[in-house]
Amino acid sequence: MKRWLAFLVVFLLGAQASMVGTVAGDLSLLTDGGQTDSLDRPLVLWTSLNDGRILTVDNEGNVSVNAFNNGILSTQWTVFLEVDANKARLDDAQELVTIAHDNGAYVVQMSTQTVYWNISTPDPVDDAVLDKEGDLWLVYYAGKRRADQYDTSGFTGVTSTTISSGISAFEILHDGRIAIASYDKNIYVHGGDGTLTNTLVEPNGIVSALVEVDNSTLLAGTTGGTLYHYDSSTWASTSLSLGHTKQTMSIDAYNSMYVVGAKQGKTTFIDESNFTVLITFTASGDVIATLPEFTGQFFAIGVGPTDTKVRYFDLDSDQDGVNDLKDAFPNDASQTLDSDDDGYGDNPNGNQPDAFPNEPTQWTDADGDGYGDNVAGEDPDLFPNNADQWADADGDGYGDNSNGQDGDVFPEEATQWADADRDGYGDNPEGFKPDSCPTVNAFSTLDRYGCPDSDLDGYSNPDENWTVDDGADALPSNPTQWLDGDGDGYGDAADGQSADACPWEYGTSTKAVSVNPNSSKGYDTVPSFGCLDEDGDGYVDRTESPLMDIDANEHFDGDGDGVGSNLDYDDTRGFIQTEQDHCLNDKNDTSEACIGWNDPAYQAYVNSVEEGTLLLGYNAWNTSKDNDLQGSDSTLASVDEDTLNQVIMAGLVAFGGLTALILGVAFILKRRKEAATIKEYGGVKPGISSEAAKEALEGRGGLSADGGIISDASWDDDVAQLNFDEEPDGFEDMALKSRDNLGEAASITYEEESIEAIAGMPASAVPEAEPDGETPERPNEAPPLPEGGLPDGWTMDQWQWYGHEWLAKYGKN
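Conventions adopted
- Residues numbered from 1 in each chain as written.
- Predicted model: local features only at pLDDT ≥ 70, side-chain atom pairs only at ≥ 80, totals over all residues.
- Heavy atoms only, no water.
- Helix = DSSP H or I, 4+ residues; strand = E, 2+ residues; numbered from the N terminus.
- Buried < 20%, exposed > 50% of the residue type's maximum accessible area, 1.4 Å probe, protein only.
- Areas by Shrake-Rupley, 256 points an atom, 1.4 Å probe, with all protein chains shown as cover.
- Disulfide = S-S within 2.5 Å.
- Pairing = 2+ DSSP bridges.
- Axes fitted to C-alpha atoms, helices over the stretch in contact; angles between N-to-C directions.
- Expected span 1.5 Å × (residues − 1).
- Bend = angle between axes of the 7 residues up to and from the residue.
- Salt bridge = Lys/Arg side-chain N within 4 Å of Asp/Glu carboxyl O.
- Phe/Tyr/Trp six-rings, centres within 6.5 Å; stacked < 30°, edge-to-face > 60°.
- Contact = heavy atoms within 4.5 Å.
- Core = buried A, V, L, I, M, F, W, Y, C linked by side-chain atoms within 4.5 Å.

Digging into the overall build of the protein chain
1) Next: Of regular secondary structure, the protein chain possesses 13 helices and 30 strands.
2) Next: Counting only residues that meet the buried cut, the protein chain has 39% of its 813 residues in that class.
3) Next: As presented, the protein chain carries roughly 44,100 Å² of accessible surface, and 51% of it is formed by carbon and sulfur atoms.

This is how it looks when you write it as structure tokens:
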């Protein structure tokens, strides 16, 4: 008996193993069985409990346990939290549920259906995970950009390193290590004490999901449709393209397969043993979980902006594209429908076709005239007086021949019969697929039927009666985008044009700062649409340097001094922020600007200049810093160019006239002095004879051969002018003006003039005779000449005698 039981157990286990393998191999037989249930709120958690029930947490943090039968949820109990939930998790013991929300985190105990733990924080918490020791890790994707450890007493002081680029996913491994994915496409592995131990750089995209599926395997899914397999002991990795570019939302493991749920309903099955894609199905929404059945079918749970849909994928035994539950002929690939349940397939080209698929009493029409061969059957010719019509399959009173009299444009649809704009959608607003724009030939198909769809993506253009909130295309000019969940003008499709890099938040960014030490600016600008940009400079705030996200004129602060690179004079040195800082710290810079900064007098001048007044550069100020010139700066600055030119011309004319006047007076005076000299010393001119000058000074005039009056002819010109009535020579007025200015010095008395006076030497400067009456001896050598040479009217003999006296009197003037 015992041996028989042993054989039975072995047989059942073998059958089960064989069935599991068959399930994995029969995935190709699965088809979309349609939606089985819908919730009016988005979920952040769907997971199966050990007893077959389903645990759900919605976007308001409400925790529910539900029965699940035939694809339909039935709620059994709920703990209402009413918070803005970001993520929820169930611990391995299925006892504690963690809910991360915008104001902290809750821990709900399943057995008591109560809140077990509540932590409040000033920053939004994006994830909350219990480790093996029972400590709770709060994860801040933005803001703090790290994970903090809490126990029941509060914050333990243990944190991960700060991830400067922000956190995109988080997971605690079985041995207490922590894996943190970042927007810089790296995964940072920490010890249980928060110390960074490894940096994984393999991902080619932002990792949006991290799941440890067993004690040696960590799976990482990216926003671009790639899955990475890591050996958590060696961190050896393998990558796999999922065949699409949708963002990973969930990762599950069962029956030797991995199942990856992604945005837009993508659900991919992967062979665990060789890490290859088996098949990808398309459900609806963002797939946050899958629920397999032992027989091979599965449910896909998809979340939309406002709801959650449960979709079922069933087997298709005859592989005709219709699952068994919907296939009237599951073992006949040529037939799938039997609308009238008469045992004849609706496919006229299949086996045992039904000529009248909607009439169970008719199935053949041998003569092909459209009349059923079964005379006892229902629906013989219903239009005996209308040769164009004989059947009305939908019973709407319009014949099935749409081209005949009273024809039905929709012969298979009782609620539609007319289509005025001929776009394939009926005009009856209460009917099936009603034309929402019955007078416009248009072809929208997804949000409403028969309306304009400019970009041909299936979603209609919004209008005054049908807005984006109703389901219209949020981006009607972009065929690759239609949904804009956060309403910022950038589509949620990651592979579409101008894709929203932050679809979870409203943002106006168009670019982001990417640190690049090799760039001359220290960073590169890369496209990044739809993320938070509070200062309106176009850059994603979380990529800007600290404090630069609140300054629209700044984005990057290379030296971390709090001053952006646009304003910072030198963004490589923290203590140099302005030109003044540079000049005061670099005394070797002798530029005009730096000399000015280091000159207190110039700085005092700069500070004294009022607004609107011309501010001189250092060199210009240094040239004009004389007080009088500086005082005239404001006057000069206010004189226009024409006035200045007129003043200059008037000055030149006045200068020329004054010069001519002085030269004229000098010429007249010189002529009179020469005449007086000739009269007194017999016609000897200065410089002609040193002997004559000596004789004149010694009172022996006329003894030498030179000098003296030869004849009265020498006086002819003066005799005729004893009354000084000179002939007009054009200088009379000028001479009179000069004479008036000179006063008595201009009156020449011939009797009193001497050679010393003529030479410019005052009589008091001429040495007198010694008291004993002896004549002084002639000096052996003449004194040095002044810089201007021999004074006017002097001879060298005179200079030798009297030059030292002249120097004593006038040499320093």
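Thoughts on the state of the cysteines
1) Next: Tallied over the entire structure, the rule returns three disulfides.
2) Next: Here cysteine 437 engages in a disulfide with cysteine 451; their sulfurs sit 2.1 Å apart. Around the S-S axis, the bridge from cysteine 437 to cysteine 451 shows a dihedral of about 95 degrees and counts as right-handed. Remark: cysteine 451 occurs in the loop between β28 (308–315) and β29 (511–515) and cysteine 437 occurs in the loop between β28 and β29; sequence separation between them is 14 residues.
3) Next: Paired by a disulfide, cysteine 583 and cysteine 594 hold their sulfur atoms 2.1 Å apart. Note on the cysteine 583 and cysteine 594 pair: the S-S dihedral is about -75 degrees, so by sign convention the disulfide is left-handed. Of this pair, cysteine 583 sits in helix α2 (residues 579–585) while cysteine 594 is found in helix α3 (residues 592–597), placing the two residues 11 residues apart along the sequence.

Quick word on the pairing of strand β9 (residues 114–120)
1) Next: Note: strand β8 (residues 104–109) against β9, six bridges, orientation antiparallel. Looking at the pairing, glycine 104 lines up with serine 120 of β9.
2) Next: In textbook terms, the turn of a hairpin is the stretch between consecutive antiparallel strands, and for β8 and β9 this stretch comprises four residues, one of which, glutamine 113, has a positive phi near 55 degrees.

Observations concerning the pairing of strand β18 (residues 207–214)
1) Next: Note: β18 against strand β19 (residues 217–222), six bridges, orientation antiparallel. For glutamate 212, the partnering residue across the bridge sits in β19 and is leucine 218.
2) Next: The antiparallel hairpin formed by β18 and β19 contains two residues in its connecting segment.

Concerning the sheet that holds strand β4 (residues 63–69)
1) Next: Strand order across the open sheet formed by four strands is β2-β3-β4-β5, with antiparallel pairing between neighbours. Bordering the open sheet on either side are β2 (43–48) and β5 (72–79), each of which pairs with just one other strand. Strand-to-strand twist in this sheet, taken as the mean axis angle between neighbours without regard to direction, amounts to 25 degrees.
2) Next: Where β2 and strand β3 (residues 54–58) come together, five bridges link them in antiparallel fashion. Each bridged residue has a counterpart across the sheet, and for leucine 45 the counterpart in β3 is valine 57.

Quick look at helix α13 (residues 796–810)
1) Next: With 15 residues, α13 should reach 21 Å at 1.5 Å per residue; the first-to-last C-alpha distance of 17 Å falls well below that figure.
2) Next: Helix geometry: α13 is bent most strongly at tyrosine 802, by close to 65 degrees.

Points about the pattern of salt bridges
1) Next: Counted under the stated rule, the structure contains 17 salt bridges.
2) Next: We note a salt bridge from aspartate 58 to arginine 41, for which the minimum N-O separation is 3.3 Å. Of this pair, aspartate 58 sits in strand β3 while arginine 41 sits in the loop between β1 (30–39) and β2; the two residues are 17 residues apart in sequence, bridging distant segments of the chain.
3) Next: Classification of aspartate 58 as buried rests on a relative accessible area of 5%.
4) Next: Salt-bridge contacts for aspartate 570 lead to arginine 573; the nearest nitrogen and oxygen are separated by 2.9 Å.
5) Next: Of the residues examined, aspartate 570 reaches a relative accessible area of 17% and is grouped as buried.
6) Next: Residue classification places arginine 573 among the partly exposed positions, given a relative accessible area of 32%.
7) Next: Linked through salt bridges whose partners overlap, the residues forming this network are Lys87, Arg89, Asp127 and Glu171.

Description of the packing of aromatic side chains
1) Next: Taken as a whole and assessed by the stated rule, the structure comprises 26 aromatic pairs.
2) Next: Ring plane angle 55 degrees and centroid distance 5.3 Å describe the contact between phenylalanine 281 and phenylalanine 313, whose orientation is recorded as tilted. Remark: phenylalanine 313 occurs in strand β28 and phenylalanine 281 occurs in strand β25 (residues 276–282); sequence separation between them is 32 residues. Grouping residues by exposure puts phenylalanine 281 and phenylalanine 313 together as buried.

A few points about the sheet that holds β28
1) Next: An order of β1-β28-β27-β26 is seen for the four strands of this open sheet, with the pairing classed as antiparallel. Because the sheet does not close on itself, it has two edges, and the strands there are β1 and β26 (286–292). Put simply, the sheet's adjacent strands are angled 25 degrees from each other on average, direction ignored.
2) Next: Alignment of β26 against strand β27 (residues 298–303), held across six bridges, turns out to be antiparallel. Counterpart to aspartate 286 in the pairing with β27 is valine 303.

Points about unusual backbone geometry
1) Next: Despite not being glycine, glutamine 352 has its phi angle at roughly 45 degrees, a positive value.
2) Next: By the element assignment, glutamine 352 lies in the loop between β28 and β29.
3) Next: Of note, the phi angle at serine 498 is positive, near 45 degrees, even though the residue is not glycine.
4) Next: By the secondary structure assignment, serine 498 is in the loop between β28 and β29.

Digging into the environment of aspartate 453
1) Next: Take aspartate 453: it is sitting in the loop between β28 and β29.
2) Next: The class for aspartate 453 is buried, based on a relative accessible area of 10%.
3) Next: For the pair aspartate 453 and phenylalanine 443, spaced 10 residues apart in sequence, the C-alpha separation works out to 6.7 Å.
4) Next: Leaving out residues up to four positions away in the same chain, aspartate 453 has contacts with Ser444, Gly458, Tyr459 and Asn461.

Digging into the nonpolar core
Nonpolar side chains in soluble globular proteins tend to be buried together.
1) Next: In terms of nonpolar packing, the biggest core is built from 17 residues, with Leu55, Val63, Leu81, Val97 and Ile99 touching the most fellow members.
2) Next: Elements supplying a minimum of two residues to this core: β3, β4, β5, β6 (85–90), β7 (96–101) and β8.
3) Next: Residues in contact with valine 97, not counting those within four places in the same chain, are Leu55, Val57, Val63, Arg89, Leu90, Tyr106, Val107, Val108 and Met110.

Any functional reading would require information that these geometric values do not contain.
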